[in-house]
Amino acid sequence: MVSDFFYPNMGGVESHLYHLSQCLIQRGHKVIIVTHAYGNRTGIRYLTNGLKVYYLPTMVIYYSATLPTIYGCFPLLRNILIREDIHIIHGHQAFSSLCHEAILHGKTMGYKACFTDHSLFGFADASSILTNKLLKFTLSDIDHVICVSHTSKENTVLRAALSPRNVSVIPNAVVASQFQPDPSAADPNWITIVVISRLVYRKGTDLLVALIPRICNMYRNVRFIIGGDGPKRIDLEQMREKHLLHDRVEFLGSIKHHEVRNVLIQGNIFLNTSLTEAFCIAIVEAACAGLFIVSTKVGGVPEVLPSHMINYAMPEEDDMVIAISKAIHMIRYEEVDPSRFNDELKDMYSWSNVAERTEKVYDLISQTQEAPLIERLRRYYGCGLYAGKIFCMVMALDYLFWIFLEFMLPRHAIERAETFPYQKYRDHFNHPLQQQEEPRGEK
């Protein structure tokens, strides 16, 4: 598993990586995660169940995304792939430079590779055009692609000019037992609306700034709890100051994942104002915790929850106010019982099911034949009149660099890592006496 986004950073991609890896380990696979260093967290760390994580010393330039170096990480990645006896490289998220580089170098070395796309992108703005061209470069030589929703699949197929046959849809999941509802935790004197999100433009923070004063003006017993951080937080704080809503709008700042449930159960309604969303695992977690959902009808959101759990609205101020007002009316007059949502969702979204379906993708790509060098060059050449030639040069240099590394540091000179004793670890911590003697934790 390779991505710039992993713990201790918080988000949907990070959670997906961790839970999928844990389930694959339980199914008997060896899983290694490669990400960039977070502060002093560098080198090798072991997480629960022997999940091994390599934190590489690379430069972060924007929101946990690393600086694209193309060849800078090749020696490190090659060493890890050989040392850990890897068979399949699974990259996550189009924003991750480390993911793109790992797939490029891995294919040069003859490894199988697949990619999971977690986001939706446009086609018109400069950022999207560059990202889409980079994605087309990476996916021109990919064995299989996984998307988290059917909307995401359509978006990725168009952006990277892929055959739909080579793209599978495997949704995210949630550990429902970690989000047990507690109706007694909410303040009976208030109808509490909870927002937990990164406070950035894409998550609709500007829309939230416009909504809160109108809702507070319409309903005297409604308050907001806002969790998360980002560059748009200053806009929310200015709104609270301007409208004197200090007693009705509470900011919690950045929230750790294990604290999310304790925040959610304080609310009655969960509000999602995203302008684009491939899946939105946050609304599934909120529904599991017993909250009614109000969300913008964008991207893959309509595919996620049954209609009786959610009110949809267009990403417009007036339409959102109507949807929130309907939800407040439903909660006030007890027309819906969100505390029952957990029982419905625990069977709909399961990480074991996600791992089983991902395993089938791994089995599929393991049977494919490795493309010869000339075929790889042909694929890259088809990426565009000018871009195709540049991509061919990049790939050819990558191949020459690999030959150079094989000469300077042969495979037989790289020490093989010992495989973590997964079964012995599980037996050790399942024993009640030993579990009391040695507490479980990060090594």
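These numbers were taken from a predicted model, which means no experiment stands behind them. (Residues numbered from 1 in each chain as written. Predicted model: local features only at pLDDT ≥ 70, side-chain atom pairs only at ≥ 80, totals over all residues. Heavy atoms only, no water.)

Chemist: Looking at this structure, how should I read the packing of aromatic side chains?
Modeler: Centre-to-centre distance and the angle between the planes together describe a pair of aromatic rings. Within the structure shown, the criterion is met by 14 aromatic pairs. Centroid distance Phe-420 to Tyr-422: 5.5 Å. Interplanar angle 50 degrees. Geometry classified as tilted. Residues Phe-420 and Tyr-422 agree in their burial class; the two are buried. Through a chain of ring-to-ring contacts, three or more aromatic side chains come together here, namely Tyr-46, Phe-420, Tyr-422 and Tyr-425. For the cation-ring pair, Lys-297 lies above Tyr-312, with the distance from its terminal atom to the ring centre recorded as 5.8 Å. (Phe/Tyr/Trp six-rings, centres within 6.5 Å; stacked < 30°, edge-to-face > 60°. Buried < 20%, exposed > 50% of the residue type's maximum accessible area, 1.4 Å probe, protein only. Lys NZ or Arg CZ within 6 Å of the ring centre and 35° of its normal.)

Chemist: Please explain the pairing of strand E13 (residues 269–272) as it appears in this structure.
Modeler: Residues Ile-269 and Leu-271 point to one face of E13 and Phe-270 and Asn-272 to the other, with burial holding for every one of them. The pairing of strand E10 (residues 191–196) with E13 spans two bridges and is classified as parallel. From the neighbouring strand, Val-194 faces E13, where its bridge partner is Phe-270. Bridging between E13 and strand E14 (residues 292–296) involves four bridges; their strand directions are parallel. From the neighbouring strand, Leu-271 faces E14, where its bridge partner is Val-294. In this fold, E13 hands off to helix H9 (residues 281–288), which returns the chain to E14; that crossover is right-handed. (Helix = DSSP H or I, 4+ residues; strand = E, 2+ residues; numbered from the N terminus. Pairing = 2+ DSSP bridges. Right-handed = clockwise from strand over helix to strand, strands pointing away.)

Chemist: Just to check I follow, could you spell out a nonpolar patch on the surface for this structure?
Modeler: On the surface, a cluster of nonpolar side chains totalling about 550 Å² of accessible area is made up of Met-59, Ile-61, Tyr-62, Tyr-63 and Leu-67. Mapped onto the secondary structure, Leu-67 falls in the loop between strand E5 (65–66) and helix H2 (74–83). (Patch = residues over 30% accessible without salt bridge, like charges linked within 9 Å, V, L, I, M, F, W, Y side chains within 5 Å. Areas by Shrake-Rupley, 256 points an atom, 1.4 Å probe, with all protein chains shown as cover. Salt bridge = Lys/Arg side-chain N within 4 Å of Asp/Glu carboxyl O.)

Chemist: I tried to follow the pattern of salt bridges on my own but got confused; where do I start?
Modeler: For side chains bearing opposite charge, pairing can occur when the charged atoms are close. Overall, the coordinates contain 19 salt bridges when judged by the stated rule. With a closest N to O distance of 3.4 Å, Glu-406 and Arg-78 form a salt bridge. One end of the pair, Glu-406, is in helix H14 (residues 387–408); the other, Arg-78, is in helix H2, and 328 residues separate them in sequence. Classification of Arg-78 by relative accessible area gives buried; the value is 2%. In this structure, Arg-214 engages Asp-318 in a salt bridge whose closest nitrogen and oxygen atoms are separated by 2.7 Å. Pair noted here: Arg-214 is in helix H6 (residues 205–218) and Asp-318 is in helix H10 (residues 317–332), with a separation of 104 residues, a long-range link. Relative accessible area serves as the criterion here: at 30%, Arg-214 is assigned to the partly exposed category. Here the salt bridges do not stand alone but share partners, grouping Asp-141, Glu-375, Arg-376, Arg-378 and Arg-379 into one network.

Chemist: I tried to follow the sheet that holds strand E11 (residues 222–227) on my own but got confused; where do I start?
Modeler: Through backbone hydrogen bonds, the strands of a sheet pair up, either in parallel or in antiparallel fashion. With parallel pairing, the six strands of this open sheet are ordered in space as E12-E11-E10-E13-E14-E15. Of all strands in the sheet, those bounded by a partner on one side alone are strand E12 (249–253) and strand E15 (310–313). Looking at each pair of strands side by side, their axes are set apart by 20 degrees on average, direction ignored. Contacting E10, E11, E12, E13 and E14, H6 crosses the sheet at an angle of about 155 degrees to E11. (Axes fitted to C-alpha atoms, helices over the stretch in contact; angles between N-to-C directions. Contact = heavy atoms within 4.5 Å.)

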